[in-house]
Amino acid sequence: MADQRRLVTHTDTDTDTDQRPFCTGMRCCCCTFFLLILAIGVFAAIVAANFVQPEVKVKKAQFKGFMVSPTQATFDVDLSIFIDNPNDWPIKATIQELKANLYSLDKKAADEIGVAYYLGMATLPKPVVVDVQSQTTFILPTKVTIKSNPESADLLSRLNRDCGLFASPKTTKVRVVLADTVATVAGMDVDLSKYEIPVEFLMPCE
């Protein structure tokens, strides 16, 4: 016969795509990656919501090996730095950089400040890690040498007056200002500039 009809048969392969599970191969990888990113985002939000800014302050300043004459003054200064990290796990605090500027003040001025003369700078020798819910204190040291010249004449005169051979009591006033503090908490940069305020000490220089 001229009109011959072909029989069309359906094989199992025609319906394979309809019977495959949704999350296979690349789709499974995408699903897992999305859930991981979501979990990290939720965790970061919880950490940020419970974050309390660490506290940094100068507790004490101390002279070591103080020697002064009309032509020169040399001494070491040890600054005791206190850090409080009140946060829970996993919020460890790391102080990456820390500087402290030192100034001489006039204890006999009407305001007990007078003219502030720059003495030098102490810098953090290496990063300091503060564990969760803990406090730590460390020493920030610096060496100061002041030689006689027109710019340092008034400063040397003050140090000789306060700490020289005939001074009594042998004390002088110093201002400490923390500066350029670089800190990270749980991998995030933290602004601790609010703690960069002047602290003044009347220090024995014997």
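What counts, and at which threshold
Every chain is numbered on its own, with residues counted from 1 as its sequence reads. With the structure being a predicted model, the display of local features is reserved for residues of pLDDT at least 70 and the display and counting of side-chain atom pairs for 80 or more, all residues being used for whole-chain, interface and lining totals. Based on all heavy atoms of the structure, the side-chain values leave hydrogens and waters out of the count. Only DSSP runs of H or I with at least four residues qualify as helices, and only runs of E with at least two residues qualify as strands; both kinds are numbered from the N terminus onward. Exposed residues in this analysis have more than 50% of their type's maximum accessible area, buried residues have under 20%, and partly exposed residues fall in between, with area computed by a 1.4 Å probe over protein chains only. In this description, strands pair whenever DSSP reports at least two bridges between them. In this analysis, rings of Phe, Tyr and Trp, with Trp reduced to its six-membered ring, are considered paired at centre separations within 6.5 Å, and the interplanar angle assigns stacked below 30 degrees, edge-to-face beyond 60, and tilted for intermediate values. Confidence of the predictor in every single residue is expressed as pLDDT, which spans 0 to 100. Any two residues whose heavy atoms approach within 4.5 Å are treated as being in contact.

Q: Can you break down the environment of S157 residue by residue, with the values?
A: In this structure, S157 sits in helix 3 (residues 153-163). Residue S157 is classed as partly exposed on the basis of its relative accessible area, which comes to 47%. In this structure the C-alpha to C-alpha distance between S157 and T71, which are 86 residues apart in sequence, comes to 9.5 Å.

Q: So, the pairing of strand 2 (residues 72-85): which residues are in play, and what are the values?
A: Of all 14 residues in strand 2, 11 are buried, a share of seventy percent or more. In this structure, strand 1 (residues 55-69) lies alongside strand 2, joined through 12 bridges in antiparallel fashion. In the sheet register, A61 faces strand 2, and the bridge partner there is L79. In this structure, the hairpin formed by strand 1 and strand 2 is closed by a connection of 2 residues.

Q: If you had to explain the packing of aromatic side chains to someone new, which residues and values would you point to?
A: With the rule as written, the count across this model stands at 4 aromatic pairs. Centre to centre, the rings of F66 and F75 are 4.7 Å apart; their planes meet at 5 degrees, and the pair counts as stacked. Each member of the pair, F66 together with F75, is buried. Arranged with centres 5.4 Å apart and planes meeting at 65 degrees, the rings of Y103 and Y118 form a pair that is edge-to-face. Of this pair, Y103 sits in strand 3 (residues 93-105) while Y118 sits in strand 4 (residues 117-123); the two residues are 15 residues apart in sequence, bridging distant segments of the chain. On the basis of relative accessible area, Y103 is assigned to the partly exposed category, the value being 24%. Put simply, the rings of F63, F66 and F75 touch in pairs and so form one group of aromatic residues.

Q: Give me the lowdown on the confidence of the model for the chain, citing residues and values where you can.
A: On average, residues of the chain carry a pLDDT of 81, and 75% of them reach 70 or more. Model confidence for the chain, summarised as mean pLDDT per element, is weakest for helix 1 (residues 16-19) at 51 and strongest for helix 3 at 96. When the criterion is pLDDT under 50, residues 4-11 qualifies, and its contacts beyond four places in sequence or with other chains add up to 0 contacts. Note on residues 38-47: pLDDT is under 50 here. Beyond four places in sequence and across chains, it has 5 contacts.

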